[in-house]
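Coordinate analysis (summary)
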Amino acid sequence: MKTIKLGFIPLTDCAPLVVAKEMNLFQKHGVTVELSKEASWANIRDKILSGELDGAHCLFSMPFSVYTGIGGKAGTEMKIAMVLSNNGQGITLSKDFCGLVGFKEYNKVASAVKNIQTRKEVTFAMTFPGGTHDIWLRNWLAACGINQKSVGIITIPPPQMVANMRVDNMEGYCVGEPWNGVAAIQNVGFTHIASQDIWKHHPEKALVVNSEFAKNNREDLKKVMKAILEACQWLDNMSNRKKAANWLTKPYYVNANLSVIETRLLGSNDLGCELGVQKYKDDYMTFYNNGFVNAPRKSHAIWFLSQYVRFGMMKDIPDYKAIADKLILNDLYEEVAQSMDIPLPKDDMKPFKTNLETITFDPNNPSQYLQLAKK
């Protein structure tokens with residue numbers, strides 16, 4: 001039997017892979033899976049493309065970023081099999097901002113940035129060009145009225161964010177948990193906003209696979225997906241999350257403070273900077289949500305592609321629908337979901353609105369959105 005190799009980055013939302021492994025769900029569904037902890041999203045990209053990894057816990061938007069040439073060689077294909085999580089990322093600001101900007105105080109950010117720029121350059125970090133964190137960061141800058149060209153934007157792997165902020169390499173960053181919580185508990189920075197405040201129930205991580213593996217090992221991939229979907233269902237029973245946090249804290253997984261992983265998994269964010277605790281009631285990190293989480297939507301692919309155009313990351317207008325059709329394995333996901341009696345959401349290709357924008361995004365007409373969207 002082939003050993004299937006799946007990569008992950010040490011982040012709380014790698015939980016579905018960890019739970020599937022720890023609970024022997026891969027074995028239960030008839031596949032042998034090895035998990036491989038990776039150092040950066042670029043590592044994951046390279047290893048999926050080369051076939052060294054069959055698949056990975058991956059940024060939902062990474063396949064679109066790579067295919068369009070923003071985050072890799074244009075035209076190279078990585079396929080999205082399913083979504084693993086919604087919500088649960090954040091923007092951390094350094095202590096330079098403490099006292100100038102509070103939780104979700106968008107109207108104060110531009111003047112705070114100008115204030116800090118009188119002393120030094122202001123730089124923000126994200127985790128991968130065109131990745132989810134890059135786009136949350138740019139959406140936030142636009143909502144705060146900050147021209148992205150007036151600040152630095154750099155790429156740092158998730159586990160290295162806190163250390164880089166500690167030595168003053170950046171004034172803010174956008175990353176997944178637990179690295180926002182760790183900065184707060186270590187008094188290196190504070191949580192200014194969670195990603196669900198930018199777009200409630202947004203797609204975040206996905207199971208992304210090597211295209212040859214998807215084509216030649218369809219039955220094995222379906223078994224992998226079934227195991228992971230079962231893990232997602234288990235994770236959305238909140239009484240199981242303490243147990244999940246115990247696994248995630250291990251050195252060979254996330255290797256971070258147990259209480260930070262656990263509390264933020266339970267929707268309780270100690271913000272730091274004496275801002276108190278923010279509790280999320282229904283929009284904490286979700287992994288299943290009655291099937292809402294896991295269905296990969298072409299409308300979301302089109303939204304990310306339109307953001308690349310909006311923020312000048314692409315010069316030409318892409319063929320939105322063709323790229324979404326090519327990179328998302330909708331039929332495969334539907335087949336697996338139906339075999340497990342998992343409801344299929346009916347909202348794909350319907351207009352939607354994110355939290356920081358007043359305008360509606362219609363995936364059937366992205367050009368109309370782009371005319372109105374703030375840069």
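Reference entry: report on the structure contained in this document.

What counts, and at which threshold
- Residues numbered from 1 in each chain as written.
- Predicted model: local features only at pLDDT ≥ 70, side-chain atom pairs only at ≥ 80, totals over all residues.
- Heavy atoms only, no water.
- Disulfide = S-S within 2.5 Å.
- Helix = DSSP H or I, 4+ residues; strand = E, 2+ residues; numbered from the N terminus.
- Buried < 20%, exposed > 50% of the residue type's maximum accessible area, 1.4 Å probe, protein only.
- Arc of directions from axis to C-beta.
- Contact = heavy atoms within 4.5 Å.
- Phe/Tyr/Trp six-rings, centres within 6.5 Å; stacked < 30°, edge-to-face > 60°.
- Lys NZ or Arg CZ within 6 Å of the ring centre and 35° of its normal.
- Pairing = 2+ DSSP bridges.
- Axes fitted to C-alpha atoms, helices over the stretch in contact; angles between N-to-C directions.
- Core = buried A, V, L, I, M, F, W, Y, C linked by side-chain atoms within 4.5 Å.

Concerning the state of the cysteines
Taken as a whole and assessed by the stated rule, the structure comprises 1 disulfide. In this model Cys98 forms its disulfide with Cys273; the gap between the sulfur atoms is 1.9 Å. The chirality of the disulfide connecting Cys98 with Cys273 is right-handed, given an S-S dihedral of about 105 degrees. Separated by 175 residues along the polypeptide, Cys98 in the loop between strand S5 (89-94) and helix H5 (109-117) and Cys273 in the loop between strand S11 (268-270) and strand S12 (277-279) bring together distant segments of the chain. With a relative accessible area of 35%, Cys98 lands in the partly exposed category. Looking at Cys14, it has no disulfide partner, and the nearest cysteine sulfur is the one in Cys232, 12 Å off. Judged by its relative accessible area of 0%, Cys14 falls in the buried class.

Here's the deal with helix H15 (residues 320-327)
What H15 keeps buried is the set Tyr320, Ile323, Ala324 and Leu327. Seen from one end, H15 has its buried residues packed into an arc of 100 degrees, which puts them on one side. At its buried positions, H15 is contacted by helix H4 (62-67), strand S4 (78-83), helix H14 (298-310) and helix H17 (366-372).

Structural notes on the packing of aromatic side chains
Under the definition given, this model contains 14 aromatic pairs. Ring plane angle 85 degrees and centroid distance 5.0 Å describe the contact between Phe361 and Tyr369, whose orientation is recorded as edge-to-face. Across this residue pair, the class does not change: Phe361 and Tyr369 are buried. Taken together, Phe60, Phe64, Trp136, Trp199, Trp303, Phe304, Phe352, Phe361 and Tyr369 form an aromatic cluster joined through their ring pairs. Its end group placed over the ring of Phe292, Arg297 keeps NZ or CZ at 4.5 Å from the ring centre.

Considerations on the sheet that holds strand S10 (residues 205-210)
Taken in spatial order, the 5 strands of this open sheet run S2-S1-S3-S10-S4, and their pairing is mixed. The sheet terminates laterally at strand S2 (32-37) and S4, the two strands that pair on one side only. Strand after strand, the sheet turns through a mean of 30 degrees between neighbouring axes, direction not considered. Note that S4 and S10 share 5 bridges and pair antiparallel. Each residue of the ladder has a partner; that of Val83, found in S10, is Ala206. Across the face of the sheet, helix H11 (residues 218-235) comes into contact with strand S1 (3-8), S2, S4 and S10 while running at roughly 165 degrees to S10.

Examining the nonpolar core
If you look at the biggest cluster of nonpolar residues, it comprises 129 residues, and the most contacted ones within it are Leu6, Phe64, Phe124, Trp140, Leu207 and Ile228. Considering each element in turn, this core owes the most residues, 10 residues, to H11. Not counting the four nearest positions on each side in its chain, Trp140 is found in contact with Ile91, Leu93, Tyr106, Val109, Phe124, His192, Ile193, Ile198 and Leu356.

Coordinates in, geometry out; function isn't part of it.
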